[in-house]
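Working through the structure, step by step
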Amino acid sequence: MNRAITMDTVIFLLVLSTLAQQVVCLVETETSYRAILEKVSGDSKIFSGETVRLKCVIPDVYMSTWSYLWYRGSELLPQTEEYFVLWNAGVKDGGKFYCKGARDTAVGNIYTLQSLPVEISVDGGFAMLRVAPHPGLVGQTLKVTCHLRRNFPIHEVILYKDGVEIMRQSSPQFDLINLSLNNNGMYSCRASWDADGQTHSAVSADTAVQILEVLTQPVLEIDTNEGLTPGYFTLICNTQYNAHAPIHYYFYRNNNRLGPAASENNNLVRQLPGLYECKARVPLLGVSMRSEPKSFKQ
């Protein structure tokens, strides 16, 4: 009797072990690389009835076979191919689109990380103001263009900012030069054209224009490292940088520079009393900003 119970127990444990292994094999896993969503054709802002074509790229060096999952916001879309076509788009078809790769393997389903979003806006009007999808930078030039649904010969275009006329010309493209933070606002355009012996015009919906500083004023942080490196502390130059050119950091004590320029925003230095500052500089753009001085044990 005892032997039978023992055998039953062993068999039961073996069955449990097998089931546990099967459950582990079916667990969904996520890779460390992220799908890349590309816009192949069309614009980020289109008229209703137009088409946009997107592509999901899986950065897999092993050239594995993947299927594709497409999302608009949190909604899973029925498409499963590498390309996604938003054809003859309606106003409600716009939104933020994502994709990710999926692969069925012997150890279960494997997924890539979800791509960064591509936002598609669908305009149902007759005129549309297109602006670059990225913010403009102070001191630079931003192009905005007034488009019509049909290719009429435009004879006058008016650009508005916050409902106030700021420019009037015959060309549909406007250059906002020497940008400043005052250029932030809501922009729209009115285009006029002649057809069938009459003058027609259409006004676009408002479009946000965002202007950012290339570089904000740095704020110096002094990290005493809590004794990790006795006699030293770390100077950290905190700034918001919105361009892509290389940036250099400089650190000062009592207006004397502490070593050469660095590409990192921190510097480990000996603890000495004094006034400390940092400077961030973008050589290619000729832009630099210096922090307020910060006293240490003075």
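For the structure given in this document, a descriptive report is provided here.

Conventions and cut-offs
- Residues numbered from 1 in each chain as written.
- Predicted model: local features only at pLDDT ≥ 70, side-chain atom pairs only at ≥ 80, totals over all residues.
- Heavy atoms only, no water.
- Helix = DSSP H or I, 4+ residues; strand = E, 2+ residues; numbered from the N terminus.
- Buried < 20%, exposed > 50% of the residue type's maximum accessible area, 1.4 Å probe, protein only.
- Contact = heavy atoms within 4.5 Å.
- Pairing = 2+ DSSP bridges.
- Axes fitted to C-alpha atoms, helices over the stretch in contact; angles between N-to-C directions.
- Lys, Arg positive; Asp, Glu negative; His and termini not counted.
- Salt bridge = Lys/Arg side-chain N within 4 Å of Asp/Glu carboxyl O.
- Polar contact = N/O pair within 3.5 Å; in protein donor to acceptor, adjacent residues only side chain to side chain.
- Phe/Tyr/Trp six-rings, centres within 6.5 Å; stacked < 30°, edge-to-face > 60°.
- Lys NZ or Arg CZ within 6 Å of the ring centre and 35° of its normal.
- 1 Å grid on protein atoms, 1.4 Å probe; cavity = no way out; pocket = protein on both sides within 12 Å on 5 of 7 lines; lining within 4 Å.
- Points joined across faces, edges and corners; volume = space filled by probe spheres on them.
- Nonpolar A, V, L, I, M, F, W, Y, C, P; charged D, E, K, R; others polar.
- Domains from an automatic or database assignment.

**Overview of the environment of Gly185**
- By the element assignment, Gly185 lies in strand S17 (residues 185–195).
- Owing to a relative accessible area of 16%, Gly185 belongs among the buried residues under this scheme.
- For the pair Gly185 and Val209, spaced 24 residues apart in sequence, the C-alpha to C-alpha distance is 5.5 Å.
- Excluding anything up to four places from it in sequence, Gly185 contacts Asp162, Thr207, Ala208 and Val209.

**Here's the deal with the sheet that holds strand S16 (residues 173–176)**
- On the basis of which strands lie adjacent, the open sheet formed by three strands has the order S11-S13-S16 and antiparallel pairing. The open sheet is flanked by strand S11 (127–131) and S16, the only strands paired with a single partner. Ignoring which end each strand starts from, the neighbouring axes of this sheet average 20° apart.
- Here S11 runs beside strand S13 (residues 142–148); their pairing, made up of five bridges, is antiparallel. In the strand pairing of S13, Leu129 is matched with Cys146.

**As for the side chain of Lys45**
- With respect to the helices and strands, the residue Lys45 is situated in strand S3 (residues 45–47).
- An unpaired buried charge is present at Lys45: no salt bridge exists, and Asp123, the closest side chain of opposite charge, is 4.9 Å distant.
- From its side chain, Lys45 meets the backbone oxygen of Leu129 in a polar contact 3.0 Å long.
- With sequence-adjacent residues up to four places away left out, Lys45 is seen in contact with Ser121, Asp123, Met128, Leu129, Arg130 and Thr207.

**Things to note about the side chain of Lys279**
- Looking at the secondary structure, you find Lys279 in strand S26 (residues 274–282).
- One buried charged residue, Lys279, remains without a salt bridge, the closest side chain of opposite sign being Glu277 at 9.9 Å.
- Residues within four places of Lys279 in sequence aside, it is in contact with Cys237, His248, Tyr249, Tyr250, Tyr252, Ser288, Met289 and Arg290.

**Structural notes on the sheet that holds strand S22 (residues 232–238)**
- With antiparallel pairing, three strands are arranged side by side in an open sheet as S21-S22-S25. Whereas interior strands pair on both sides, the edge strands pair on one side only; in this sheet they are strand S21 (219–223) and strand S25 (266–270). Taking each pair of neighbouring strands and ignoring which way they run, the sheet shows an average axis angle of 25°.
- Sheet topology note: the S21/S22 ladder contains five bridges and is antiparallel. The residue of S22 that forms the bridge with Val219 is Asn238.

**Regarding the packing of aromatic side chains**
- Scanning all chains against the criterion turns up eight aromatic pairs.
- An angle of 45° between the planes, with centres 5.5 Å apart, marks the rings of Phe84 and Phe97 as tilted. With Phe84 in strand S7 (residues 83–86) and Phe97 in strand S8 (residues 95–105), this residue pair connects regions lying 13 residues apart in the sequence.
- The buried category is assigned to Phe84, whose relative accessible area is 3%.
- Phe97 gets classed as buried once you look at its relative accessible area, which sits at 0%.
- Of the aromatic side chains, those joined through ring pairs into one cluster are Trp70, Phe84 and Phe97.
- The side chain of Arg290 reaches across the aromatic face of Tyr252, ending 3.9 Å from its centre.

**A short note on the layout of surface pockets**
- Counted as a void, the largest pocket has a volume near 530 Å³.
- Taken together, 20 residues line the largest pocket, and the ones lying closest to its centre are Ser44, Val131, Ala132, Pro133 and His134.
- Elements supplying a minimum of two residues to the lining of the largest pocket: strand S10 (118–123), S11 and strand S19 (207–209).
- Taken together, the residues that form the lining of the largest pocket break down as ten nonpolar, six polar and four charged.
- Split by domain, the lining of the largest pocket shows at least three residues from each of two domains, domain 1 (30–122) and domain 2 (125–212).
- Size it by volume and the second largest pocket reaches roughly 230 Å³.
- Along the wall of the second largest pocket there are 14 residues; nearest its centre are His134, Pro135, Gly136, Leu137 and Gln140.

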